[in-house]
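One-letter residues, chain by chain:
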Amino acid sequence: MSTQQPGVPAAEVPSIQWFPGHMAKTRRLMSESLKLVDIVVELTDARIPASSRNPEIDRLVGQKPRVILLNKCDSADDGATRRWVDYYAQKGVPAIATDCRSGKGLGAFLPLVKSALSAQLARRAEKGMGGQPIRMMIVGIPNVGKSSLINRLAGAKRAKVEDRPGVTRGRQWVSLAGGIDLLDMPGVLWPKFEDPAVGERLAFTGAVKDDVFDAELLAMRLLWLLNAEYPAQLAARYHLKEGETDGLDAYGLLCLVGKKRGMLIPGGEVNTERAAITVLDEFRSGKLGRLTLELPPED
């Protein structure tokens, strides 16, 4: 899916980069902690499964067993999510769709982990060490749902949950019933997004702090993309009539949304800043419908 859009020249779109100092520390901490765990549980955002995967995780994890959770699946296109699960399966990485806030899909989580560790668990049992806890490291970019996962599994509010990046700063161990220990790592991005579209998609979902980009420009680009890929959902949310978006550039789409919501200032002009914040908030909260912004590569 392309994000090059009329009305928003690429030269005007800054490359979104965000790598606070604590993230460099987290990367080192993650590398040092791998020897303490049996398996790595990587959470991604089902709306942007590729862009929400830190490319450095593959290098850091190496041959350590891993499973992937496509989280926030209730806000993603179900058909696209199934394609991603199949894609990872073909790559030899077990994956499931989940929504950690509601608990959807988590019934399959522990069986998936035990299946991925079956050989290791069998060796432990043979040595009479079957009672040892399974130790998992929970990793993922900011705001992807790690704390929600831990709280769901623990059955209590054990980790701080907020809908903004950068909340979890230190390493946290959480013990669960049934011999499971979870190591929660702070969310970590990477120093440079080689593809500007990756930074943009992360900004769409709120994985990057809002104060590092122009909200109006970002909302314009999101509206253009959704109008091309999910026009029915966009029309339904903002009560757009058939053909009403024909010929509009990205700025025109933002103004149209603002008019539909009555976001006018004296003189009849649209308050595009308010409209932009509304579009971004409604996309992030799932109010625009089940949307996925990228599909797996076709091998």
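Residues numbered from 1 in each chain as written. Predicted model: local features only at pLDDT ≥ 70, side-chain atom pairs only at ≥ 80, totals over all residues. Heavy atoms only, no water.

1. What to know about the overall build of the protein
Heads up, the rule is: For helices the rule is a DSSP run of H or I covering at least 4 residues; for strands it is a run of E covering at least 2, with both sets numbered from the N terminus onward. Only protein chains enter the area calculation, which uses a 1.4 Å probe; residues under 20% of their type maximum are buried, those over 50% are exposed, and those in between are partly exposed. In what follows, a contact means two residues having at least one pair of non-hydrogen atoms within 4.5 Å. For accessible areas, the Shrake-Rupley method is used with a probe of radius 1.4 Å. Any residue's cover is judged against the shown protein chains and nothing else.
For the protein, the count of helices and strands is eleven helices and six strands. Looking at the protein as a whole, 50% of its 299 residues are labelled buried. Nonlocal contacts in the protein, meaning residues at least 24 apart in sequence, comprise 71% of its contacts between residues at least 6 apart. Carbon and sulfur atoms make up 49% of the accessible area of the protein, which totals about 13,800 Å².

2. With respect to the state of the cysteines
The condition is simple: A pair of sulfur atoms, both from cysteines and within 2.5 Å, is called a disulfide here.
In total, this model carries zero disulfides according to the counting rule given. The structure places no disulfide on Cys73, whose sulfur is separated from the nearest cysteine sulfur, that of Cys100, by 8.7 Å. By relative accessible area, which is 2% here, Cys100 ends up buried.

3. Brief notes about empty space enclosed by the protein
The following threshold applies: Detection works on a 1 Å grid of protein atoms alone, calling trapped sets that fit a 1.4 Å probe cavities and calling open sets with protein on both sides within 12 Å along at least five of seven lines pockets, with lining residues defined by an atom within 4 Å of a point. Grid points are joined across faces, edges and corners, and a volume is the space filled by probe spheres set on the points. Residue polarity follows a fixed list, in which Ala, Val, Leu, Ile, Met, Phe, Trp, Tyr, Cys and Pro are nonpolar, Asp, Glu, Lys and Arg are charged, and the others, Gly among them, are polar.
The final tally for this structure, using the stated rule, is two cavities of 30 Å³ or more. Estimated volume of the second largest cavity: approximately 40 Å³. Surrounding the second largest cavity, Asp45, Ile141, Pro142, Asn143, Val144, Thr205, Gly206 and Ala207 form its lining. Along the lines of polarity and charge, the residues of the lining of the second largest cavity split into four nonpolar, three polar and one charged.

4. Considering the packing of helix α8 (residues 215–229) against helix α11 (residues 272–284)
What counts, and what does not: Axes, fitted as lines to C-alpha atoms, cover a helix only where it is in contact. Angles between the N-to-C directions of the axes lie from 0 to 180 degrees. An angle below 35 degrees is treated as roughly parallel, one above 145 as roughly antiparallel, one from 65 to 115 as roughly perpendicular, and anything else as oblique. Two helices cross in a left-handed way if the nearer one is turned anticlockwise from the farther one by less than a right angle. They cross in a right-handed way if the turn is clockwise.
Running from N to C, α8 and α11 cross one another at 55°; their axes reach a closest spacing of 8 Å. It follows that α8 is oblique to α11 by the angle criterion. Crossing handedness for the pair α8 and α11: left-handed. Contacts between α8 and α11 involve Ala215, Glu216, Leu218, Ala219, Leu222 and Leu223 on the former and, on the latter, Thr272, Glu273, Ala276, Val279, Leu280 and Phe283.

5. Quick word on the pattern of salt bridges
Two side chains with opposite charge may pair up if their charged atoms get near one another. Defined as follows: Any Lys or Arg side-chain nitrogen found within 4 Å of a carboxyl oxygen on Asp or Glu counts as a salt bridge.
One pass over the full model with this rule turns up 16 salt bridges. Note that Arg66 is salt-bridged to Asp58, the shortest N-O span being 2.8 Å. Across the pair Glu298 and Arg83 runs a salt bridge whose closest N-O atoms are separated by 3.7 Å. Taken as a pair, Glu298 in the segment after α11 and Arg83 in helix α3 (residues 78–90) lie far apart in primary sequence, 215 residues in all. Of the residues examined, Glu298 reaches a relative accessible area of 72% and is grouped as exposed. One connected set of salt bridges, linked through shared partners, spans Glu42, Arg53, Asp58 and Arg66.

Everything listed here is a matter of coordinates, which is why it stays silent on function.
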